[in-house]
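Architecture at a glance
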There are 2 protein chains.
Amino acid sequence: MRMSTLFLRTLREDPAEAEVTSHKLLVRAGYIRRAAPGIYTWLPLGLRVLAKVEAIVREEMQAAGAQEVHFPALLPREPYELTDRWTEYGPNLFRLKDRRDNDYLLAPTHEEMFTLLVKDLYSSYKDLPLTLFQIQTKYRDEARPRAGLLRGREFIMKDAYSFDVSDEGLEASYRKQRDAYERIFTRLGLEYVIVAATSGAMGGSRSEEFLSPTPIGEDTFVRSAGGYAANVEAVTTPVPAPLDYAGAPAPRTIDTPGTPTIDSLVARLNETEPRDDRSWNAADTLKNVVFALVHPDGERELVVIGVPGDREVDMKRLEAALAPAEIEQAGDKDFEKHPYLVRGYIGPQVLGVRNTGSETAVRYLVDPRVVDGTRWVTGANEADRHVVGLVAGRDFVADGVVEAAEVRAGDPAPDGSGPLELARGIEIGHIFQLGRKYAEALGLKVLDVNGKQVTVTMGSYGIGVTRALAALAEANNDERGLVWPRHLAPADVHVVATGRDEAVFAASEDLVGEFEAAGLDVLFDDRRKVSPGVKFADAELLGVPVIVVVGRGLADGVVEVKVRATGETQLVSLGDAVAVVRGDLS
Amino acid sequence: MRMSTLFLRTLREDPAEAEVTSHKLLVRAGYIRRAAPGIYTWLPLGLRVLAKVEAIVREEMQAAGAQEVHFPALLPREPYELTDRWTEYGPNLFRLKDRRDNDYLLAPTHEEMFTLLVKDLYSSYKDLPLTLFQIQTKYRDEARPRAGLLRGREFIMKDAYSFDVSDEGLEASYRKQRDAYERIFTRLGLEYVIVAATSGAMGGSRSEEFLSPTPIGEDTFVRSAGGYAANVEAVTTPVPAPLDYAGAPAPRTIDTPGTPTIDSLVARLNETEPRDDRSWNAADTLKNVVFALVHPDGERELVVIGVPGDREVDMKRLEAALAPAEIEQAGDKDFEKHPYLVRGYIGPQVLGVRNTGSETAVRYLVDPRVVDGTRWVTGANEADRHVVGLVAGRDFVADGVVEAAEVRAGDPAPDGSGPLELARGIEIGHIFQLGRKYAEALGLKVLDVNGKQVTVTMGSYGIGVTRALAALAEANNDERGLVWPRHLAPADVHVVATGRDEAVFAASEDLVGEFEAAGLDVLFDDRRKVSPGVKFADAELLGVPVIVVVGRGLADGVVEVKVRATGETQLVSLGDAVAVVRGDLS
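Keep in mind the model is a prediction, meaning the values are calculated, not measured. (Residues numbered from 1 in each chain as written. Chains lettered and ligands numbered in written order. Predicted model: local features only at pLDDT ≥ 70, side-chain atom pairs only at ≥ 80, totals over all residues. Heavy atoms only, no water.)

1. Digging into the pairing of strand β10 (residues 206–213) of chain A
Regular strands place side chains that alternate from one sheet face to the opposite one. All names here are of chain A. Of all the eight residues making up β10, six are buried; the element is thus mostly covered by neighbouring parts of the structure. As defined by bridge partners, β10 adjoins strand β21 (residues 420–435) across eight bridges and the pair is classed as antiparallel. Bridging from a neighbouring strand, Pro213 pairs with Gly425 of β21. (Buried < 20%, exposed > 50% of the residue type's maximum accessible area, 1.4 Å probe, protein only. Helix = DSSP H or I, 4+ residues; strand = E, 2+ residues; numbered from the N terminus. Pairing = 2+ DSSP bridges.)

2. So, the interface of chain B and chain A
Size of an interface: often given as the accessible area lost when the parts come together. Listed per partner, the contact involves 52 residues of chain B and 52 residues of chain A. Surface buried jointly by chain B and chain A totals about 4,600 Å² across both partners, of which 59% is contributed by carbon and sulfur atoms. The largest per-residue losses of area from chain B upon contact with chain A belong to B:Phe7, B:Arg99 and B:Leu121, which jointly make up 18% of the total buried on that side. Inspection of the chain B/chain A interface yields eight salt bridges. Ranked by the residues each element gives to the side of chain B that touches chain A, the list is headed by helix α5 (residues 111–121) of chain B, at five residues. Per-class residue counts for the side of chain B that touches chain A are 32 nonpolar, five polar and 15 charged. (Contact = heavy atoms within 4.5 Å. Buried area = accessible area lost by both parts, 1.4 Å probe. Salt bridge = Lys/Arg side-chain N within 4 Å of Asp/Glu carboxyl O. Nonpolar A, V, L, I, M, F, W, Y, C, P; charged D, E, K, R; others polar.)

3. Here we look at the domain arrangement of chain A
Residue and element names in this part refer to chain A. When its domains are assigned, chain A resolves into domain 1 (50–235 + 421–474), domain 2 (254–401) and domain 3 (491–585). The C-alpha-based centres of domain 1 and domain 2 are spaced at 37 Å. At the junction of the two partners, domain 1 supplies 11 residues and domain 2 supplies eight residues. Summing both partners gives a buried area of about 810 Å² for domain 1 against domain 2, and 55% of it is carried by carbon and sulfur. (Domains from an automatic or database assignment.)

4. So, the packing of helix α2 (residues 44–63) of chain B against helix α12 (residues 465–475) of chain B
Residues and elements named next belong to chain B. Closest axis-to-axis distance for the α2/α12 pair is 10 Å, and the angle between their directions is 110 degrees. The angle between α2 and α12 places the two elements in the roughly perpendicular class. Seen from above, α2 lies across α12 with right-handed handedness. Between α2, through Gly46, Val49, Leu50, Val53 and Glu54, and α12, the contact on the second element is made entirely by Val465, Thr466, Leu469 and Leu472. Of the residues contributing to the contact of α2 with α12, the split by class is six nonpolar, two polar and one charged. (Axes fitted to C-alpha atoms, helices over the stretch in contact; angles between N-to-C directions. Parallel < 35°, antiparallel > 145°, perpendicular 65-115°, else oblique. Left-handed = near helix turned anticlockwise from the far one by under 90°.)

5. With respect to the relation of the copies chain B and chain A
Note that the two copies of the chain are related through a rotation about an axis and a translation along the same axis. Aligned on chain A, chain B shows an RMSD of 0.1 Å; the corresponding rotation is 180 degrees and the shift along the axis is 0.0 Å. In symmetry terms, the pair is related by a two-fold rotation axis. Taking C-alpha positions as the reference, the residue of chain B nearest the rotation axis is B:Leu96, at 2.6 Å. Comparing interface residues between copies, 100% of those in chain B also lie at the interface in chain A; the contact surface is shared. (Least-squares fit on C-alpha atoms with pLDDT ≥ 70 in both.)

6. Focus: the pattern of salt bridges
Residues and elements named next belong to chain A. By the definition in use, this model includes 112 salt bridges over all chains. Here Arg151 ties to Glu142 by a salt bridge, and the two come within 2.9 Å at their closest N and O atoms. The burial state of Arg151 is the same as that of Glu142; both residues are buried.

7. Points about the sheet that holds strand β13 (residues 252–255) of chain A
Residue and element names in this part refer to chain A. Overall, antiparallel pairing links the three strands, which are arranged β13-β19-β18 in an open sheet. The sheet terminates laterally at β13 and β18 (375–379), the two strands that pair on one side only. The average undirected angle you get between the axes of adjacent strands in this sheet is 25 degrees. Strand direction decides the pairing type here: β13 and strand β19 (residues 385–391), joined by four bridges, are antiparallel. By the bridge assignment for β19, Arg252 is matched with Val388.

8. Focus: the packing of aromatic side chains
Residues and elements named next belong to chain A. Going through the model one piece at a time under the given rule, you end up with 22 aromatic pairs over all chains. Look at Phe185 and Tyr192: their rings are 6.0 Å apart centre to centre, the planes differ by 45 degrees, and that puts the pair in the tilted class. A residue is classified by how much of its surface remains accessible, and Tyr192, at 22% relative accessible area, is partly exposed. Members of the aromatic cluster, each reached through a chain of ring pairs, are Tyr181, Phe185, Tyr192 and Phe210. The positively charged end of Arg528 is found above the aromatic ring belonging to Phe505, 4.0 Å away from the centroid. (Phe/Tyr/Trp six-rings, centres within 6.5 Å; stacked < 30°, edge-to-face > 60°. Lys NZ or Arg CZ within 6 Å of the ring centre and 35° of its normal.)

Here it is in structure tokens:
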């Protein structure tokens, strides 16, 4: 590749819409270009790196015994109707009609199609286990495409699907994929954490995510010193034992004007309702927050979430808990329809089917900490008034429990392995034990060893290939640009000819020839009217691991060899350049 | 690959919907599987062949100096609006909306996006010439998807685009791609003919198609001994010189009851209106056929096409001539709206703006042979009556000329190179000199050598990659199955272990190990409970070029090596098997 003809323009400025480093650098270095929100074009350098990432994924899938196939992206509605995903995906699914008015979709994942294909071809337990995979373009109409390749609407995924007769078989297939994922991310040089996860719209019994830890990650996860790790959506709250409330005084309604916040309420309580044992604190209050669930069929339902007043509702945990519905903040119109919801003073008495005895009541879901016998200060459903000493299980009953309160550093791990710490990461892989959900919906059965029809059990395993590339860019850069690991870089060596001396260009040509003869992929900056400063800056931005500068030293028969990652530089005689660069590359 | 675990089921029966051999065999041999009309899934063996075809295309594109990029398939409406293609593609375009109600499309080709990308990155004549390409999934909502991969709705294309400052530059870039196409099809071993073509919705000044000749091809093309070759849509009719009609008698209307066909009309004329010089024949009559044009915006317009009575209207030529409108036969409702169109007796007098002087008249287009001074027998716009001696240019004037009459074997080539012969082929490539249509619509200009803004001129070059694979299957088969050329086959050698003797399987395993150690890709039929007959039939169906049968001969230390294409068989000692197969493969 020669910079004089390579289809590339580097940018000095960050693109306006870019928030994260990988996005800024991949665009500035001319690896990708935005075509529409969340939809990117791959330019020559980007495509080279992508091909290398794909090759590693493909090799490890094959090594794990998975067979490659390739499904269409444009698929008919019917199979997705049978599993409810046509509806459950809601606005995240790109839907369209063909010229005969038949419904189609752009597939977000392919569980249905793989299930039907295996049903079509296979019929006996002897055919199993089977794992298939594809590296294919996927579509998801994200509400907020962002961060370049990290959350796109058209992206490349490796998706694999396993088919087994027994639960043990699924466990083994799952383990094989999990091991392959570890090898893939290790080979990519991408740090990862495996965390327990929720299954979302995919369904199934168990799932784990592979997260690449980085402060800009969209996913928050927790870890304990004792080895617990989970996506924050999957963290469960240790449930306290119920308390005996025999003899607890009846609740009292008190005036609390001027206490618009939990803090001001607590301060007022400590002032007007002092406790003998200790001060009031925010955890004594029960905060009831109104949300609108938008169900996949478009229906809008209000729900009230009760959490201890010292915690916020975590929207992602709430969404995961109530999927496939999407969650919105309740708005003025919602409150107008339910005038008994007094903003800031909502209490359980007017909420929920079980409290109110009304089938049409707004559903009331509470945090797992709200066990029977716990006592709460909460809204009195009148402005400027609260109730003190409201006892769960006596004075109110929720319609259900929901894991929606924020998880905080120091919270106990659910398995008792110690306090949790929080971190953020990019979801680069997600593996699911789907179980029999899809096989049942689509009738995938095989004859077992006794000649009886049994439903197949499945796993599904995804790697965001383009997202993994972005995660790599996020992990491999410095203030001057990208710093690719050698096996993923768009070239092995970047030769920079500087100055205007034709002898320099001639010597550079020779050197490039020698490198190429030695099997090295060369990016050659042969531009004539570009200053050395611009060339150096471009080389740093593009991130090829070794930079060879041919210039003034030529008179002494030397070139400068620079390691991009460390900045380490050495002068090397022309005759040694290939050996040094190869050695450096080995 | 081992047949015991390979995700494959061969079929003995042709799939119900399959009409052509390639479709039948690719499905029966488990290379592809239908997911929806015109939309296919690639199974492991098919994907291997596809990868080899793609690799050849990629190599030759790179050798021709084209740089690889990769565009999204899901694209915003706006660029396609600017070139009118959003509308002109009519129902062939898959359109959809995203969750914000923005219009998107699934791209049928990417001229707009490439133009905008180059505009985005480049600004000077010094940056050109440039040729970019991608191998990418395309979408077209075909009215009649058919013949498996030959006319699909989701398919893989290699599309390339060239950018030049001058017409000479475009010519050179076009030539480079044309040469690369010749190399690609030669390397694929795919016979091809290069024919002049029409540009259709693509626009531009010149285009050529690469056709793979086969009787099942959808495209009809013509050739002359003198070297003329064209798609039938692109054939132009040599226009005769106008005739002097001074002194020609006035037209006469005659009664012609019971002459529903041209033949019966001619017979009647010879009976009731005998000519001195010769008999009447069908070419003396002017047949006026009514069609409905469906414009891309949905508007329906009637048009009457006048052709000599000895020729049919060729719908494909008509569609090409009147693109982007689609053509339908006129129906009862159309005739009801235009009661002066007397079916079977339509004459020019009531047709066309220029004949009738009415702006709202049905448009009247005639064959190029209808030059001034020619005399015609045609309908009198009354049932059972015709007009004799109607003189073109005196008694009627058409609104325009249209190349819509069928081309027949023996017709003269337009360049005078002799009579034409007709044949059919599959369009495997199409190259266009687009000129400045897209660059003008999208504002792609660069500074020329004098510092002036000039509009770039472009070419566009497509290869139907999946279609080329189908054309290969169509060209490489016999009554027993597929017969792959060696460099495209899913494996180099197919080892078949026969019988139940464990020694045979053990020896086969060893042999497979030796083949693999020698760098050969092996498909190993290691199935235990499958009869030799089934295994042989599968091997023939799958079409791997060399089949090695391990069986009874093992006692004598020999295996049978069979060349799939010729059926030629030889007994080879185990020790020589690798050498023979490699030699055979070299």
